[in-house]
Amino acid sequence: MAEYLRLPHSLALIRIRNPPVNAISPAVLYGIKEGLQKAVSDHTVKAIVISGADGKFCAGVDIHVFSTPWSSDTGLGDLVDEMQRNKKPVVAAIEGMALGGGLELALGSHYRIAHVQTETGFPEVTLGILPGARGTQLLPRLIGIPAALDLITSGRCILAGEAFKLGILDKVVNSDPLEKGIKFARTILDQPLECRRIMNKTVPNVPNMDAIFSEVFAKVRKQYPGYIAPETCIRAVQASVKHPYEVGIKEEKELAVYLVESGQARALQYAFFAERNANKWSTPSGVSWKTASVRPISLVGVLGKHVGEFLDSPHLHMVRAAIYLVPSGVKFCGKHIAVLAPLILIQVHELFILCVRTGDGNFFFFFFVVLGPELRTYTLSHSTSSQLIEMENILVPRGWGEVVSTFLTISNNGTMNIHVQVLCRHTVFSSLRDSIYVIYIRNFRVSDLAGLDVGWKGRKGQGLTGPALPPGTPARKRGNIRYCPIPDILCESGRFGQKTGKGWYQYDKPLGRIHKPDPWLSKFLSQYRETYHIEPRVISQDEILERCLYALINEAFRILGEGIAASPEHIDVIYLHGYGWPRYRGGPMFYASTVGLSTILEKLQKYYRQNPDIPQLEPSNYLKKLAAHGNPPLKEWQRLAGTPSSKL
Ligand code: 3HC
């Protein structure tokens, strides 16, 4: 886990070895401590080099440990202090990555030499925690408050060149950093160490410290609404300014424990592993990313409502080029092809379909929503990568490309059925807006964006509305099932959504993007209730949320039970990346595990008894099977409920 090697020239080497990324497990920590003790007690050793095996220094603490009792104090912080106080110089020879606890180990060293391609940073905030092994106290002392705040609150990883400029690294090299580190160590055997101990430094003073903190607090509140880790990270960094080191590290520890024990950290760490699991898909016939061959792209098309206008925007020339990509095997824009965005439905500005045709004539379709100012770049590489597109890929059976759309329909039905019962539409919307269920608001925005006439056409085709509807069909029933005709009525009134300037919302102009609630809709809804004698009642926030969300969760269990989704993690990754589900809630399946399956079952049973004509509320067999086991951990669900025949 950490090898100790005696080297010539009075040196010792401690090499971390814990594949695949040399994460710090209890055994690794023990190994480093033991190596350090051996080096200290061997009077022939004059300096220590620390490195990582297989070209990777260390990716930080093993994230798995945060769900174990070891989590609240890994002991890494004490080791970092011990390294700093060590009387013999410690040189970190860094390659590949020094992330999180890995960077803390490097900061505990007296010198840091890294290969130019090394990535370094504190990604803890993205896992809902903070650099709790002295990182929040050492980094500000080394590089100053503004730069430390930026790295710690964003979780941004930087290359060695930038880290060197910031003062994190002492030297950047192009060749083997271990070799260079060993050579360097021989030159500093007798150098004084006091000035190399970061713990002894004071945080560089800047005149407007308070203003800097206030600004960063405001920034993270805006940028990461609902997340607790970024603000807590700032508080920990603040402690480095307010207190001497010994007090600062205590505050860091308290804040770290608060975060580690929070539900948000559990959800974010779950999301980290769920994404990696989702990428390991394979079909029962053995097809996976590893076995899949990459097909050359022969054509890319972008379809969408404002494509022309969008393409005229000078900074989006890559999209324009995407349209002209034709020859097979020819590199396109280097190897980049699409500048389109993930499916995060916040600040939706535009909707696109990206269509890619590969050399063998197969088509891939991607549904995109473009975020205005935060446009992100995704890479589609046709010859250099084993993955067709560097974004989350979820395997679904043929014809189930619309797993997400199915969820959308379910959640829309849930929301709409509730919607006509409440006193005022804004009650639903405002109660939803404040919470996780903001996702449902987006459903209405997405419907407006996609065009309400799209669904209308589909329903007409199915005979649910329009001329094919048998005369005498009750407006709010189709067979025994409750039907909500409101979207049809909106379309009959010419409200097709954003394209006509009105739909669920009103817009500044046809094709306009600025939306606001439409008083017409409130009036329409009260007339609707009168017409159909729907008694207005105040529906509690809990009921609104449960009926909307649990119906969605129920559907997810059905999909799992039918073998349509490969695992609960796949469903969550779809929601995290496809619907902007708040990452700190992990996804609907993770959320269900936190609420408790028997609670969800009971609530669905209750609502279904009250609304037997809403089939989405009828608990699925899969959920019932699982709930019979109490509230088993998510990892156990598929084993306990039995593996359905896979439709993949
Ligand atoms: N702990 C446990 N497992 C880890 C890990 C970690 N810190 N980092 C990566 N892994 C695992 C992944 O789960 C994956 O396992 P798998 O093969 O079984 O799926 C494997 O390592 C490879 O990871 P990736 O598939 O992500 O490989 P990449 O090459 O794309 O990325 C990486 C490598 C940049 C290291 C990326 O995995 C990463 O960002 N890891 C997280 C780093 C991090 O957040 N570190 C901070 C940890 S918390 C901490 O240190 C607290 C301290 O401050 C007290």
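Small disclaimer: the values here were computed from a predicted structure and weren't measured.

Basis of the calculations
- Residues numbered from 1 in each chain as written.
- Predicted model: local features only at pLDDT ≥ 70, side-chain atom pairs only at ≥ 80, totals over all residues.
- Heavy atoms only, no water.
- Helix = DSSP H or I, 4+ residues; strand = E, 2+ residues; numbered from the N terminus.
- Buried < 20%, exposed > 50% of the residue type's maximum accessible area, 1.4 Å probe, protein only.
- Contact = heavy atoms within 4.5 Å.
- Areas by Shrake-Rupley, 256 points an atom, 1.4 Å probe, with all protein chains shown as cover.
- Pairing = 2+ DSSP bridges.
- Axes fitted to C-alpha atoms, helices over the stretch in contact; angles between N-to-C directions.
- Near = heavy atom within 4 Å.
- Polar contact = N/O pair within 3.5 Å; in protein donor to acceptor, adjacent residues only side chain to side chain.
- Nonpolar A, V, L, I, M, F, W, Y, C, P; charged D, E, K, R; others polar.
- Domains from an automatic or database assignment.

### Here we look at the overall build of the protein chain
Part 1 of the reasoning: A count of helices and strands for the protein chain gives 25 helices and 16 strands.
Part 2 of the reasoning: Across the 648 residues in the protein chain, those meeting the buried criterion constitute 54%.
Part 3 of the reasoning: Across the protein chain, contacts joining residues at least 24 apart in sequence account for 71% of those joining residues at least 6 apart.
Part 4 of the reasoning: Of the roughly 28,400 Å² that the protein chain leaves accessible, carbon and sulfur atoms contribute 55%.

### Some thoughts on the sheet that holds strand β7 (residues 119–121)
What holds strands together in a sheet is hydrogen bonding between their backbones, with the strands either parallel or antiparallel.
Part 1 of the reasoning: Read across the open sheet, the three strands follow the order β5-β7-β8; overall the sheet is mixed. Each of the sheet's edge strands pairs with one partner strand only, and the pair in question is β5 (97–99) and β8 (157–159). Recorded for the sheet is a direction-independent mean angle of 25° between the axes of neighbouring strands.
Part 2 of the reasoning: Helix-sheet contacts for helix α3 (residues 101–108) involve β5 and β7, and the interaxial angle to β5 is about 95°.

### Description of the site of the ligand
Part 1 of the reasoning: Taken together, 26 residues lie around the ligand, and Ala-59, Gly-101, Glu-124, Arg-276 and Lys-280 are the ones closest in.
Part 2 of the reasoning: Separating an oxygen atom of the ligand from a backbone N or O atom of Val-61 is a distance of 2.9 Å.
Part 3 of the reasoning: Out of a free accessible area of 980 Å², the ligand has 71% covered by protein chains.
Part 4 of the reasoning: Mapped by element, the contributors of at least two residues to the shell around the ligand are β5, α3 and α11 (263–278).
Part 5 of the reasoning: In terms of residue class, the shell around the ligand is made up of 17 nonpolar, four polar and five charged.

### Things to note about the pairing of strand β4 (residues 90–94)
Part 1 of the reasoning: In terms of burial, β4 is a largely internal element, five of the five residues being buried.
Part 2 of the reasoning: Alternating positions in β4 separate into two faces, Val-90, Ala-92 and Ile-94 on one and Val-91 and Ala-93 on the other, with burial throughout.
Part 3 of the reasoning: Looking at chain direction, strand β3 (residues 47–52) and β4 are connected through three bridges and run parallel. Considered in β4, the bridge of Ile-50 is made with Ala-92.
Part 4 of the reasoning: Here four bridges tie β4 to strand β6 (residues 111–115), and the two strands are oriented parallel to one another. Across the sheet, the residue bridging to Ala-92 is Arg-112, located in β6.

### Here we look at the domain arrangement of the protein chain
Part 1 of the reasoning: With domains assigned, the protein chain is organised as domain 1 (2–261), domain 2 (286–391) and domain 3 (404–641).
Part 2 of the reasoning: Just the C-alpha atoms count here: the centres of domain 1 and domain 3 sit 47 Å apart.

### Describing the sheet that holds β3
Part 1 of the reasoning: In spatial order, the strands read β1-β2-β3-β4-β6-β9; together these six strands make up an open sheet with mixed pairing. Looking at the sheet topology across the chains shown, the edges are occupied by β1 (2–7) and β9 (171–173). Strand-to-strand, the axes of this sheet are offset by a mean angle of 20°, without reference to chain direction.
Part 2 of the reasoning: The sheet contacts of helix α7 (residues 177–187) involve β1, β2 (11–16), β3, β4, β6 and β9, and relative to β6 the element is tilted by about 150°.

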